[in-house]
Amino acid sequence: MFKGISKCALSISLCSALLLGALGGADYPAAAEGTTSAVTGGAVSGPSIGGSDTVVNPDQVVLDRSSIIVMAGKKITLTLSGAELFEVGWSSQNENIATVTPNAKNVMKGVVKGEGKGSTVITAAGGGVVRECKVTVVAKMQKKDFGKFDNENFISYCKRKGYDNGYAWTGQWKGGSRKKSTYRGIKVENKLSKVEKAYGELDVKNCKASDPFTKMKGLKKNKVKTYADVKYGKYRIRFYFNAKKKVVAIILACNIGKIKKSALKEYM
């Protein structure tokens, strides 16, 4: 049966076969075809790229925000880093409150949209690591948000006076006689953080000389540095902040882009 094979060679062959059989047994399973990851020492090894295994350190997988506040209907982008070579998945625990979709050009970014008032959690997973961000959604802007500056709703006033095709404004500032709040209770001297808890995170911009309001005596006196708009159609609530991020003025405006410095001359 083993003609032409020496006893020594046969012995070596049998030993090799037995050893290979042991390694292929249940205690030492061979790697399954198509396997792409395995957890080793707290790191996750992934698909071979360029001929070498890639490894992700869980400590390096970071979601840029742990919590956000967004107004219903508005969007905020989250960014996951440290898992660029892996598939990344985004999900929401409650899509009635907030949804999330991967950015079309970069799946490391998830676009969160506020859907309904409440709180939920957005999850980003990549390289076997999961990161979470708490999302708080506040209500959409409404007409009543403009209702506590004057004796009547500001929007109703603008429409009644025919300002929809032109402009109108009213406001208050620190040291002024008007101390009334917007509907959500934001008054002069509140901090930016309180404004964002009421209206969602704002796009805060530096004041420019071209802004028709920054030259007003009340705002100049209070050293305005930045501002942010909350929009409801053509109507806006504009919050002005000082260097300490405190509200020093609140302006309600209709068609704010049409307001010229000359129209505010008496306040300069």
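Residues numbered from 1 in each chain as written. Predicted model: local features only at pLDDT ≥ 70, side-chain atom pairs only at ≥ 80, totals over all residues. Heavy atoms only, no water.

As for the pairing of strand 11 (residues 129-138)
Consideration 1: Note: strand 5 (residues 67-71) against strand 11, five bridges, orientation parallel. Bridge assignment links Ser67 to a residue of strand 11, and that residue is Lys134.
Consideration 2: Summarising the sheet, strand 10 (residues 118-126) and strand 11 pair through nine bridges and their orientation is antiparallel. Bridging from a neighbouring strand, Ala124 pairs with Arg131 of strand 11.
Consideration 3: If you look at the hairpin formed by strand 10 and strand 11, you'll find two residues sitting between the two strands, and Gly127 has a positive phi there, around 65°. (Pairing = 2+ DSSP bridges. Helix = DSSP H or I, 4+ residues; strand = E, 2+ residues; numbered from the N terminus.)

Points about the sheet that holds strand 6 (residues 75-81)
Consideration 1: With antiparallel pairing, four strands are arranged side by side in an open sheet as 4-6-9-8. Only two strands of the sheet have a single neighbouring strand rather than two, namely strand 4 (62-63) and strand 8 (98-102).
Consideration 2: As paired strands, strand 8 and strand 9 (residues 109-114) are joined by five bridges and run antiparallel to one another. Paired with Thr101 across the bridge in strand 9 is Val111.

Topic: the packing of aromatic side chains
Consideration 1: Under the definition given, this model contains eight aromatic pairs.
Consideration 2: Taking the centre distance of 6.4 Å and the plane angle of 20° together, the rings of Phe146 and Phe154 count as stacked.
Consideration 3: Looking at Phe154, the relative accessible area reads 1%, which means it is buried.
Consideration 4: Ring centres of Phe146 and Tyr235 lie 6.4 Å apart, and the angle between their planes is 65°; this geometry places the pair in the edge-to-face category. (Phe/Tyr/Trp six-rings, centres within 6.5 Å; stacked < 30°, edge-to-face > 60°. Buried < 20%, exposed > 50% of the residue type's maximum accessible area, 1.4 Å probe, protein only.)

A look at the side chain of Asp229
Consideration 1: Looking at where Asp229 falls in the secondary structure, it is placed in strand 14 (residues 226-232).
Consideration 2: Only 2.7 Å separates the side chain of Asp229 from the side chain of Arg236, close enough to count as a polar contact.
Consideration 3: Within polar-contact distance, the side chain of Asp229 engages the side chain of Arg238 at 2.7 Å.
Consideration 4: Ignoring sequence-local partners within four residues, the contact set of Asp229 consists of Leu202, Arg236, Ile237 and Arg238. (Polar contact = N/O pair within 3.5 Å; in protein donor to acceptor, adjacent residues only side chain to side chain. Contact = heavy atoms within 4.5 Å.)

Points about the nonpolar core
Consideration 1: Counting 25 residues, the largest nonpolar core has Phe146, Val195, Tyr199, Ile237 and Phe239 as its most contacted members.
Consideration 2: Looking at this core, the elements that each hand over two or more residues are strand 5, helix 2 (154-161), helix 3 (192-199), strand 14, strand 15 (235-241) and strand 16 (247-254).
Consideration 3: Not counting chain neighbours up to four residues away, the residues in contact with Phe146 comprise Met141, Asn153, Phe154, Ile155, Tyr232, Tyr235, Arg236, Ile237 and Leu252.
Consideration 4: Counting residues in hydrophobic clusters, the runner-up holds 22 residues, among them Ile68, Val70, Ala72 and Met108. (Core = buried A, V, L, I, M, F, W, Y, C linked by side-chain atoms within 4.5 Å.)

Details of the pattern of salt bridges
Consideration 1: Here the structure, examined in full by the defined rule, presents five salt bridges.
Consideration 2: Measuring nitrogen to oxygen at the nearest pair gives 2.6 Å for the salt bridge that ties Glu201 to Arg65. On the criterion of sequence distance, the pair formed by Glu201 in the loop between helix 3 and strand 13 (205-206) and Arg65 in the loop between strand 4 and strand 5 is long-range, its members being 136 residues apart.
Consideration 3: A relative accessible area of 29% places Glu201 in the partly exposed class. (Salt bridge = Lys/Arg side-chain N within 4 Å of Asp/Glu carboxyl O.)

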